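Next come the chains, spelled out residue by residue.
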Amino acid sequence: MKQIIVFLFTISAWTQNHNINFETKVLSSTQLSCRAIYIDKDKVWLGLDKGRYGFYDKKIDSLYINTILSVDPKTEFRSIAATKSAVFILAIGNPAKLIKIDKSTLQEQIVYKEENEKVFYDSMQFADDLNGFAMGDPTADCLSFLSTKDGGNTWQKSTCENFPKVSEGEAAFATSNSNLIVRGTSIFMVSGGKQSRVFISTDYGNSWNVYPTPIVQGEAMTGIFTADFYNEKIGIISGGNYLKQSQNWANKAITFNGGKTWKCVADAKAFGYASCVQFVPHSNGKKILSVGGTGIYYSEDFGENWIQLSEDKEIYTFRFETERIGYATGKNKLIRFELQ
């Protein structure tokens, strides 16, 4: 395992009503791309590029990077999830390898492998210590969907028999491990491309419904790139046009009925292309943070109005640890931020 020393500096972004602090940890001896983050009590786990994963140890303020020898050096891990005892990372391309990492020993085990020229996994999450799920692009005529019922030791791929069919050119984007969200027994998955929809199951994936959205769609690089649900009713989707990142219309929408209907918010206002959007914990769904191609933005009114906190365009994904503190990652950086 390679240990990377990090330097610290602080940037403060002032707004009229908020002081937003970013403690930025700049990697000193390596380059990386990170689109998957999971926050534990003592560690921040990272799914990385070049066949690597890592974790930031909060107690000793150090970042560790480890290369997995059982995968191709070009492998990217853009999905990450965890149980109490293990972390799971999932490769995006062919062959798709899902690797279990023991949190205590760091022992690695391949628990699922799929070979298909179309295979491309986008997102993964556990509902509890037994039930976990992952989603990816279609290899047949439906989205790929994996599930485990034994804590990640074995995984099964669903057939398309009882799954909603996708249209030609409909897939998903692996930008921030936020295409699949689990709240209670409900699973929400989002698609993009030629069609951009929300797929919803209320019984851990045994049955599904699919609903249209007003997010811009119709081209290969348009649609929903990221989603979050505060609970089983309140949700937000965002994205836009990856090739026109300043385009800020029809790129963010909210639901209050569990994804059945969606309303665009801040249309032609605030940010353009978004790679990750998350609700602030314990905010009743009112407070939202977004990162993407036009910077970092914050809302306190269900996404109707936004203030820009930073012009940083190289943050790809983030997660909150508490209602005030979170961690963000992207190109060659790990950031700890605090909302005050």
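Every chain begins its residue count from 1, and numbering advances along the sequence as written. In keeping with the predicted nature of the model, local features appear solely for residues at pLDDT of at least 70, side-chain atom pairs appear and are counted solely at 80 or more, and the whole-chain, interface and lining totals rest on all residues. Water and hydrogen atoms were dropped before computing side-chain values, which therefore reflect all heavy atoms in the structure.

1. Remarks on the sheet that holds strand 10 (residues 96-102)
Next up, step 1: Two strands form a pair only when DSSP identifies at least two bridges running between them. Strands here are runs of E lasting at least two residues and helices are runs of H or I lasting at least four, both read from the DSSP assignment and numbered beginning at the N terminus. An order of 8-9-10-11 is seen for the four strands of this open sheet, with the pairing classed as antiparallel. Lying at the two open borders of the sheet, with one neighbouring strand each, are strand 8 (77-82) and strand 11 (108-114). Strand-to-strand twist in this sheet, taken as the mean axis angle between neighbours without regard to direction, amounts to 20°.
Next up, step 2: Pairing of strand 8 with strand 9 (residues 86-91), which is carried by five bridges, proceeds in the antiparallel orientation. Each residue of the ladder has a partner; that of I80, found in strand 9, is I89. Angles shown run from 0 to 180 degrees and are taken between the N-to-C directions of axes, each axis being a line fitted to C-alpha atoms and, for helices, limited to the stretch in contact.

2. Considering the pattern of salt bridges
Next up, step 1: By definition, a salt bridge exists where a carboxyl oxygen of Asp or Glu is found within 4 Å of a side-chain nitrogen of Lys or Arg. Scanning the model with the defined rule gives twelve salt bridges in all.
Next up, step 2: Residue D42 pairs with K59 through a salt bridge whose shortest N-O separation is 3.8 Å. Placement of the pair is D42 in the loop between strand 4 (34-39) and strand 5 (43-48) and K59 in the loop between strand 6 (52-57) and strand 7 (62-67), with a sequence separation of 17 residues.
Next up, step 3: A simple rule labels every residue: compare its accessible area, found with a 1.4 Å probe on the protein chains alone, to the largest value its type can have, and call it buried under 20%, exposed over 50%, or partly exposed in between. A relative accessible area of 27% places D42 in the partly exposed class.
Next up, step 4: For the salt bridge of D228 with R183, the shortest nitrogen-to-oxygen distance reads 3.1 Å. Separated by 45 residues along the polypeptide, D228 in strand 22 (residues 222-229) and R183 in strand 17 (residues 180-183) bring together distant segments of the chain.
Next up, step 5: D228 sits in the buried class, given a relative accessible area of 4%.

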